[in-house]
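# Coordinate inspection notes
Next come the chains, spelled out residue by residue.
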Amino acid sequence: SFKLDTNDYIAYMMETKEVIGGQKDYITELDATTGDGDHWANLYMGFEKITGMSEDLKTLNISDLLKKIGMTMFSAIGGSSGALYGSGYVAAAKAIQNENDLTINSLYTMLDAMLKAIMERGKTQPGQKTMVDSLYNALVCYRKGLEANKDEKDIIEMFINGAKEGAENTKNMEAARGRASYRTDKGVGHLDPGAVTMALQLECLGNYILH
Ligand code: ADP
Ligand code: MG
Ligand code: MG
């Protein structure tokens, strides 16, 4: 069974920074279509800041690491996503305060706390065409796997597929939050950029666990 410690989480953040880095034009275009075009730059700046501090971060326990990531995202990422990820990571840190590492159960606890904090901060429900949709759907699938007592590998695969599916589902949704909600077409027919980048991060996390 897997255990992610501080060094693992930092390594995952480094891998994710590279993956997001490679999607600059695609993500920028998504936000330019239904928003203001800065989502990639906002998020990537946050990842650069965090991965640039990795030597200092290595001394923290997993909960303090997540808290530091949240506080850095708050301050480094502009736009809505900074406050949302910031709140999400700070709540995630609190939810696993007494854990030494992330296991199949504590990872779920941590991500569920993140989801709830983002929903609270954004006053957002699933189905409103936001980053919430990929995390929510990923966790619905994760929970199904846990409840069915599946192998960890299968649960993580369900989680990854749930994240991707959650992002894809935003294409046909009408935006009720974020900039796309100000459009007359409510962004229908276009993927939500924040849902796509959330899914990318969750997919990287799942792949880090599987490989
Ligand atoms: P901004 O819209 O301020 O330029 P970004 O471009 O960085 O911020 O992020 C936009 C993304 O943030 C959207 O695609 C959406 O997924 C997410 N988002 C915006 N508002 C909310 C909200 N209230 N709740 C959840 N997610 C939101
Ligand atoms: Mg934007
Ligand atoms: Mg903006």
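Note: the structure precedes this text.
Residues numbered from 1 in each chain as written. Chains lettered and ligands numbered in written order. Predicted model: local features only at pLDDT ≥ 70, side-chain atom pairs only at ≥ 80, totals over all residues.

## Describing the overall build of the protein chain
- Across its full length, the protein chain carries 10 helices and 0 strands.
- Along its sequence from the N terminus, the protein chain presents helices and strands in the succession α-α-α-α-α-α-α-α-α-α.
- Here the C-alpha radius of gyration of the protein chain, 16 Å, is about what a compact globule of 211 residues would show, namely 17 Å.
- Projected onto its principal axes, the C-alpha positions of the protein chain cover 50 × 40 × 30 Å.
- Looking at the protein chain as a whole, 47% of its 211 residues qualify as buried. (Helix = DSSP H or I, 4+ residues; strand = E, 2+ residues; numbered from the N terminus. Rg over C-alpha atoms; globule rule 2.2 N^0.38 Å. Buried ≥ 20, exposed ≤ 12 C-beta atoms within 10 Å, placed from the backbone.)

## Structural notes on the environment of alanine 41
- Checked against the element boundaries, alanine 41 lands in helix H3 (residues 39-52).
- The exposure class assigned to alanine 41 is partly exposed, which follows from the 16 C-beta atoms found within 10 Å.

## Here's the deal with helix H5 (residues 62-76)
- With 15 residues, H5 should cover 21 Å at 1.5 Å per step; its first-to-last C-alpha distance of 21 Å lies within 8% of that length.
- By the burial criterion, the buried members of H5 are Ile62, Leu65, Leu66, Ile69, Gly70, Thr72 and Met73. Down the axis, H5 shows its buried residues gathered within 165 degrees of arc, on one side only.
- Where H5 is buried, its residues touch helix H1 (6-21), H3, helix H4 (54-57) and helix H6 (79-95). (Expected span 1.5 Å × (residues − 1). Arc of directions from axis to C-beta. Contact = placed C-beta atoms within 7 Å.)

## Side note on the site of ligand 1
- In the vicinity of ligand 1 lie 23 residues, with Gly79, Gly122, Thr130, Gly178 and Gly194 positioned nearest.
- Only H3, H6, helix H7 (104-122), helix H8 (131-147) and helix H10 (193-210) provide two or more residues apiece to the shell around ligand 1.
- Counting residues per element, the shell around ligand 1 draws most heavily on H6, at 4 residues.
- Looking at the shell around ligand 1, its residues break down into 6 nonpolar, 11 polar and 6 charged. (Near = placed C-beta within 6 Å. Nonpolar A, V, L, I, M, F, W, Y, C, P; charged D, E, K, R; others polar.)

## Quick word on the packing of H1 against H3
- The geometry of H1 relative to H3 is characterised by a closest axis approach of 10 Å and an angle of 150 degrees between their N-to-C directions. As summarised for this structure, H1 and H3 are arranged roughly antiparallel, according to the angle between their axes. The two elements H1 and H3 cross, and the hand of that crossing is left-handed. The segment H1 lies against H3, with Met13, Met14, Thr16, Lys17, Ile20 and Gly21 engaging Leu43, Tyr44, Phe47, Glu48, Ile50 and Thr51.
- Partitioned by chemical class, the residues of the contact of H1 with H3 number 7 nonpolar, 3 polar and 2 charged. (Axes fitted to C-alpha atoms, helices over the stretch in contact; angles between N-to-C directions. Parallel < 35°, antiparallel > 145°, perpendicular 65-115°, else oblique. Left-handed = near helix turned anticlockwise from the far one by under 90°.)

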